[in-house]
Amino acid sequence: MKKILRATLLVLVATGLTACGNDTGSEGSSGNGSGAGSSNVEVGENVLVAYFTEPEETGTDALAGASRVVEEGEVVGNTQFLAQIISDEMGGELFQIDTVQEYPADHDELVDQGEEEQSENARPELAAGIENLDDYDTIFVGYPNWFSDLPMPMYTFFESHDFAGKTIIPFSTHGGSGLSGTIGTIEDLQPDATVYGNALSISRGEVADSRQEIVDWVNGI
């Protein structure tokens, strides 16, 4: 398996917790978030697949579609599941965004903490960043949609890395809100990067059966 780099990003690491059960909106797959982003991008040879994820261990049923998937006996987070397939298709290196602080594995507790951090507009400290960012020209970035927004650790991630001149291709998991306005938010946080607007967004209840959809999306970029 490809080397998994670990950077620690913070809080609410939860792949498909997406919107933490407070999502509102239609369930979608791929599509523009608020009409933002570019529909025409070039994917370079040097690809990194960065993702923010942590499967919940208690308080939910993986088979019912929470923030994790059982894949060949291994429990992985929803966004991690997407990232691994994208990496396999693209030949890109995986970069797992972790948190410095250990967060609750229980669904309800994680939801509460995520909501509190959003209300405080928190910027969790990163334990590490992408040390070799200059080596990549295309970065797939995966995250759950929480409360119709990026998880607050993703703000820290984007604010602490300069993606100027690079292509950012977002992918997301959600509990009902789709992409919300996250594509536009990423553009605001990285104004000198090209952000792909036709991002992939998959409902957490559909992640386990989404392999072909992910492959088709990657091949369609």
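Keep in mind that what you see is a predicted model, and the values were worked out from it rather than measured. (Residues numbered from 1 in each chain as written. Predicted model: local features only at pLDDT ≥ 70, side-chain atom pairs only at ≥ 80, totals over all residues. Heavy atoms only, no water.)

Visitor: Can you explain helix H5 (residues 211-220)? Please cite residues and give values.
Guide: Within the sequence span of H5, burial applies to Ile-214, Val-215, Trp-217 and Val-218. Viewed along the axis of H5, the buried residues span an arc of 160 degrees, placing them on a single side of the element. For H5, exposure combined with an orientation more than 90 degrees from the buried face picks out Gln-212, Asn-219 and Gly-220. Where H5 is buried, its residues meet helix H1 (78-90), strand E6 (138-144), strand E7 (167-174) and strand E9 (200-203). (Buried < 20%, exposed > 50% of the residue type's maximum accessible area, 1.4 Å probe, protein only. Helix = DSSP H or I, 4+ residues; strand = E, 2+ residues; numbered from the N terminus. Arc of directions from axis to C-beta. Contact = heavy atoms within 4.5 Å.)

Visitor: Describe unusual backbone geometry, naming the residues involved and giving the relevant values.
Guide: The backbone phi angle of Asn-121 is positive, close to 50 degrees, even though this residue is not glycine. If you trace the backbone, Asn-121 turns up in the loop between helix H2 (107-119) and E6. For Asn-121, a relative accessible area of 48% corresponds to the partly exposed category. Positioned with a positive phi, Ser-180 is a non-glycine residue whose angle comes to about 50 degrees.

Visitor: Break down the pairing of E7 for me, with residues and values.
Guide: A large share of E7 lies buried, amounting to eight of its eight residues. Side-chain alternation along E7 places Thr-167, Ile-169, Phe-171 and Thr-173 on one buried face and Ile-168, Pro-170, Ser-172 and His-174 on a second face that is also buried. Relative to E7, E6 is paired through seven bridges, and the arrangement is parallel. Note that in E7 the partner of Phe-140 across the bridge is Ile-169. Pairing analysis gives two bridges linking E7 to strand E8 (residues 194-195), with the strands arranged parallel. (Pairing = 2+ DSSP bridges.)

Visitor: Could you give me a rundown of the confidence of the model for the protein chain, with the residues and numbers involved?
Guide: Chain-level statistics for the protein chain give a pLDDT mean of 79 and a share of 74% at 70 or above. Ranking the elements of the protein chain by mean pLDDT puts strand E1 (residues 4-9) last, at 38, and helix H4 (residues 182-189) first, at 97. In the model, residues 1-28 has pLDDT below 50 throughout and makes 149 contacts with residues more than four positions away in sequence or in other chains. A low-confidence stretch, residues 59-65 (pLDDT under 50), is modelled with 11 contacts involving residues beyond four sequence positions or located in other chains. (pLDDT = per-residue confidence, 0-100.)

Visitor: Explain the side chain of His-161 to me, and be specific about the residues and the numbers.
Guide: Here His-161 shows up in the loop between helix H3 (152-159) and E7. For His-161, the side chain forms a polar contact with the main-chain oxygen of Phe-157, separated by 2.8 Å. Apart from residues lying up to four places away in sequence, His-161 is in contact with Leu-126, Gly-129, Ile-130, Leu-133 and Gln-190. (Polar contact = N/O pair within 3.5 Å; in protein donor to acceptor, adjacent residues only side chain to side chain.)

Visitor: Summarise the nonpolar core; cite the residues concerned and give the values.
Guide: With 28 residues, the main nonpolar core has Ile-139, Met-154, Phe-157, Phe-158, Phe-163 and Ile-168 as its most contacted residues. Secondary-structure elements contributing two or more residues to this core are strand E2 (47-52), strand E5 (93-99), E6, H3 and H4. Within the second largest apolar cluster, 22 residues are counted, among which are Val-76, Ile-86, Val-207 and Val-218. (Core = buried A, V, L, I, M, F, W, Y, C linked by side-chain atoms within 4.5 Å.)

Visitor: An account of H2 is requested, with residue identities and associated values reported.
Guide: For H2, spanning 13 residues, the distance from its first C-alpha to its last is 18 Å, which sits close to the expected 18 Å at 1.5 Å a residue. Residues of H2 that are buried: His-107, Leu-110, Val-111, Gln-113, Gly-114 and Glu-117. Looking straight down H2, one finds its buried side chains confined to an arc of 165 degrees; they lie on one side. For H2, the exposed residues set more than 90 degrees away from the buried face come down to Asp-108 and Ser-119. Looking at the buried positions of H2, the neighbouring elements they touch are H3. Its side-chain oxygen 3.2 Å from the backbone nitrogen of Asp-108, Asp-106 forms the N-cap of H2. Positive phi appears at Asn-121, one or two residues downstream of H2, with a value of about 50 degrees. (Expected span 1.5 Å × (residues − 1).)

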